[in-house]
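# A structural walkthrough
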Amino acid sequence: MRKGKNMLEIKNLHVKLEEEDKQILKGVDLKVEAGKVHAIMGPNGSGKSTLSYVLAGREGYEVTEGEATLLGEDLLDMDPEERAALGVFLAFQYPVEIPGVGNMTFLRTAVNAQRKARGEEEMSSTEFLKVVREKAKALKIDAEMLKRPVNVGFSGGEKKRNEILQMAMLEPKLCILDETDSGLDVDAMKLVSEGVNALRDEGRGFLVITHYQRLLDHIKPDVVHIMADGRIIKTGGPELALEVEQNGYADLLAEVQ
Amino acid sequence: MSAILSRSIKTKPSAARTTATEARMAALSPGASSGWSVPAREAALARVQSMGLPQPRDEYWRFTKPQGLVQAEAPQAALFDPQEAPTFDQIDRVKIVFVDGVFSAEDSDPLELAGVSIERLAEATSDIHWAKDLYGVLEERGQDPVERPLAALNTWAATDGVLIRVSGKAEKPVSLIYRHESETSDVMLHHVIKLEEGAELTLLENGPAAARFNKVMEVEVADEARFHHVRTQGRDHERRAATHIFARLGRESLFKSFTLTANGVMTRNEAVIELTGDDAMAHVAGACMGDGREFHHDDTVFVTHDALNCESRQVFKKVLRNGATGVFQGKILVKEGAQKTDGYQISQSLLLDGDSTFLAKPELEIYADDVACSHGSTSGAIDEEAIFYLRSRGVDAETAQDLMTIAFLAEALDEIEDETLREALLERLTAWLERRRG
Ligand SMILES: Nc1ncnc2c1ncn2[C@@H]1O[C@H](COP(=O)(O)OP(=O)(O)OP(=O)(O)O)[C@@H](O)[C@H]1O
Ligand SMILES: [Mg+2]
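Residues numbered from 1 in each chain as written. Chains lettered and ligands numbered in written order. Predicted model: local features only at pLDDT ≥ 70, side-chain atom pairs only at ≥ 80, totals over all residues. Heavy atoms only, no water.

Below, the discussion takes up the coordination of the magnesium ion (ligand 2). All names here are of chain A. In this structure, Ser 49 (OG) and Gln 93 (OE1) serve as the protein donors to the magnesium ion (ligand 2), at separations of 2.0 to 2.3 Å. Separated by 44 residues along the polypeptide, Ser 49 in helix H1 (residues 48-56) and Gln 93 in the loop between strand E6 (88-91) and strand E7 (98-102) bring together distant segments of the chain. Residue classification places Ser 49 among the buried residues on the basis of a relative accessible area of 18%. (Donors = N, O, S within 2.8 Å, 3.2 Å for Na, K, Ca; no water. Helix = DSSP H or I, 4+ residues; strand = E, 2+ residues; numbered from the N terminus. Buried < 20%, exposed > 50% of the residue type's maximum accessible area, 1.4 Å probe, protein only.)

Below is the structure:
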């Protein structure tokens, strides 16, 4: 993939809740190029998680206008699993606990399901074990945690590290991180950032949702967007995040009004 | 109230019940005309006549229609080829095969196992036999306080079965295999198992057995003996089964029973367990998958604590879809003086759609003051958040649902102590689901 080519393209995306008449995204325009890291910041409730869910294919939302494509393919028409096979990965703001399903089984099923969907060979169990162990070690996830049911009894920080482990195993094209830094202690933040940085390459784009500059000290963004009330109201370089850190959103919000 | 008294004041069966009972009995005859079992069979006949067979309005049959199980002729049941190796195929065991209830010497292993005597009921025709102390005896004890007429009917008319007496630790499992090859077979088998003091046996059962199968198993577990029972009930979609286990446990003994059921239009599995020796343990568990409007599965369990410091555990899980029905009736009765009883009961169902139904009647009846008993029953839909999480990782919707199904049932499967058997059933379950996905 040629650097700079559009990976994710969102045009004028309008989204409302399926169940109620509530418009949440009100015309989002966003492009993430391959090889780049884009950060999204914005006040609580501005629609950041909603955007990430809509891209991942969660039910309960209705797209009323606009489009979203990944590598030129219409994402909005696809099932979540098809999007995943194409390369979408969402690290959840609140990772889900699945009692009874072992973390290992879950990871292997996911890796092989995606490989199968792409017409690739499944990973043998010995190879899989080797790779998982390596990547888990780098994230300081111990073997015992891998045996436990998915996210059950994990601490907040452990859940976030587990998200990054999944991302590392699945090697997606577009990595969406929704507040992966929240709940992480300083050391875990470093581990997770290293995990993310290790995946940075020419063929991969990142959309990093965060409230804090601190994460962006570790994962240096190329572009920073500010989202407010369902729109991207400002786009700039890394300095924009510093500005938010110092002054909050008031000035930026005043600018657009 | 004693059994005698409660029966003597019982009103006569209604005319409709009597007619239905007579119609059913006319299609049967006593399973033996000579030998040690005759008195027990005659007594059972009298029991059936006085109780009459279950009718739709009976309280104990409130959730399950007895019609197909009691009507004179067995409803036809198409044969089904599961296209896979039978359960337990990998397990080293003594195989005893019944084809539509008829013993097949050709398919069975020699009935030989060190420390274990195995005989067929149909061949045990002498006048004196150890099984005389148990045949119909545990069944009759189990008729109070709730009547189980189908079991008495079986004691009267059973044509065959196995009589197993265990004096040592059996080195491998005894495996009863029930093949179903006739669309109209109507089968009654009756097994008696006696574990002597300190003895140990694992009994396996698998296969659909018949178009209609009525099976009784009476198990005596003497002091310090251990009995493990693991069964799968065969996948023939149209088969019907009414099974009863009657068990009596001695001091420090262990009784464990696990059942995996998928398919079958009608299954009623009753387990009646009496803890009569101190420090005994009884665990009954079941996992069941029901698919389709015709599917009906009923687990009915009655555990009586009549000794000190005993533990009982009931764990039943059901996954139901496309209009299937699951039933659980479970009771723990703690008799006066049965102090330090630890009784636990849980029944749960996972409803994969709004069409399916789970009916539960958990009951505790306690006459001792120093006991710990708990029971719970839940029924819920699949966790959509978890499904989305799985799908967002690339797992397709059906596989995601199957993973959740296995996760749900695994808690019941965990009740199987033997790891090889547990893995075998887990693999079986996974394969079934995979095949269903196609
Ligand atoms: N299923 C829902 N039902 C009702 N309201 C919803 C639902 N999903 C989102 N919303 C509303 O939409 C708005 C945007 O929510 P969203 O979670 O996308 O915000 P956010 O930018 O991620 O906020 P935060 O920074 O707090 O994580 C909020 O007002 C939220 O309450
Ligand atoms: Mg959010």
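Having seen the model, we can carry on.
All names here are of chain B. Burial of strand E13 (residues 266-275) is extensive: 10 of the 10 residues sit out of reach of the surface. Residues Met 266, Arg 268, Glu 270, Val 272 and Glu 274 of E13 are buried on one face, and the alternating residues Thr 267, Asn 269, Ala 271, Ile 273 and Leu 275, pointing to the opposite face, are buried as well. As defined by bridge partners, E13 adjoins strand E15 (residues 296-305) across 10 bridges and the pair is classed as parallel. By the bridge assignment, Leu 275 is partnered in E15 with His 305. (Pairing = 2+ DSSP bridges.)

This part covers the sheet that holds strand E10 (residues 226-232) of chain B. The strands that make up a sheet pair up through hydrogen bonds in the backbone, lying either parallel or antiparallel. Residue and element names in this part refer to chain B. Judged by pairing direction, the sheet is mixed, and its 10 strands sit side by side in the order E2-E1-E6-E8-E10-E12-E14-E16-E18-E20 without closing on themselves. Of all strands in the sheet, those with a lone pairing partner are strand E2 (102-103) and strand E20 (372-381), marking the two edges. Along the sheet, helix H8 (residues 397-413) makes contact with strand E12 (254-262), strand E14 (281-291), strand E16 (311-321) and strand E18 (342-351), crossing E16 at roughly 165 degrees. On the sheet, helix H9 (residues 419-437) packs against strand E8 (200-206), E10, E12, E14 and E16 and is oriented at approximately 10 degrees with respect to E12. (Contact = heavy atoms within 4.5 Å. Axes fitted to C-alpha atoms, helices over the stretch in contact; angles between N-to-C directions.)

Residues and elements named next belong to chain A. Ligand 1 sits among 15 residues. The nearest are Gly 45, Lys 48, Ser 49, Thr 50 and His 211. With respect to ligand 1, the side chain of Asn 44 contributes an N or O atom lying 2.9 Å from an oxygen atom. Between ligand 1 and Ser 49 there is a distance of 2.8 Å, counted from an oxygen atom to a backbone nitrogen or oxygen. Summarising the interface, the protein chains cover 65% of the accessible area of ligand 1, which totals 630 Å² for the free molecule. (Near = heavy atom within 4 Å. Polar contact = N/O pair within 3.5 Å; in protein donor to acceptor, adjacent residues only side chain to side chain. Areas by Shrake-Rupley, 256 points an atom, 1.4 Å probe, with all protein chains shown as cover.)

In this section: the pairing of strand E11 (residues 223-228) of chain A. Residues in a regular strand project their side chains so that they alternate between the two faces of the sheet. Residue and element names in this part refer to chain A. Of all 6 residues in E11, 6 are buried, a share of seventy percent or more. Burial of the side chains of E11 extends over both faces: Val 223, His 225 and Met 227 are buried on one face and Val 224, Ile 226 and Ala 228 on the other. Direction of pairing for E11 relative to strand E12 (residues 231-236): antiparallel, over a ladder of 5 bridges. In the sheet register, Ala 228 faces E12, and the bridge partner there is Arg 231. Hairpin connection, E11 to E12: the antiparallel pair is bridged by 2 residues, and Asp 229 has positive phi, about 45 degrees.

Under the UniProt annotation, "domain: SUF system FeS cluster assembly SufBD core" (unreviewed entry) lies at residues 182-408 of chain B. The distance from the first to the last C-alpha atom of residues 182-408 of chain B is 35 Å, and the span holds 9% helix and 59% strand. (UniProt positions renumbered as here; feature names shortened; annotations may be inferred.)

Another point: the interface of chain B and chain A. Facing the 17 residues of chain B at the interface are 32 residues of chain A. For the pairing of chain B and chain A, the buried interface totals around 1,900 Å² over both sides, and the portion due to carbon and sulfur atoms is 66%. Together, Phe388(B), Tyr389(B) and Arg393(B) form the three largest contributors to the area buried by chain B at its contact with chain A, with a combined 42%. Our enumeration of links across chain B and chain A arrives at 4 salt bridges. Applying the counting criterion to the chain B and chain A interface returns 10 residue pairs in polar contact (both at pLDDT 80 or more). Residue assignment for the side of chain B that touches chain A shows that the elements contributing at least two residues are helix H7 (384-392) and H8 of chain B. Among the elements that line the side of chain B that touches chain A, the one with the most residues is H7(B), at 7 residues. (Buried area = accessible area lost by both parts, 1.4 Å probe. Salt bridge = Lys/Arg side-chain N within 4 Å of Asp/Glu carboxyl O.)

Moving on, we come to the packing of aromatic side chains. The tally for this structure, following the rule as stated, stands at 12 aromatic pairs over all chains. Consider the rings of Tyr53(A) and Tyr61(A), whose centres lie 6.5 Å apart with planes at 20 degrees: the pair is stacked. For Tyr53(A), a relative accessible area of 11% translates into the label buried. Judged by relative accessible area, Tyr61(A) falls into the buried class, the value being 16%. By the ring-pair criterion, three or more aromatic residues cluster together here, those being Tyr53(A), Tyr61(A), Phe92(A), Phe106(A), Phe388(B) and Tyr389(B). A cation over a ring is seen here: Arg268(B) above Trp61(B), with NZ or CZ 3.7 Å from the ring centre. Sitting over the ring of Phe408(B), Lys317(B) keeps its end group 4.3 Å from the ring centre. (Phe/Tyr/Trp six-rings, centres within 6.5 Å; stacked < 30°, edge-to-face > 60°. Lys NZ or Arg CZ within 6 Å of the ring centre and 35° of its normal.)

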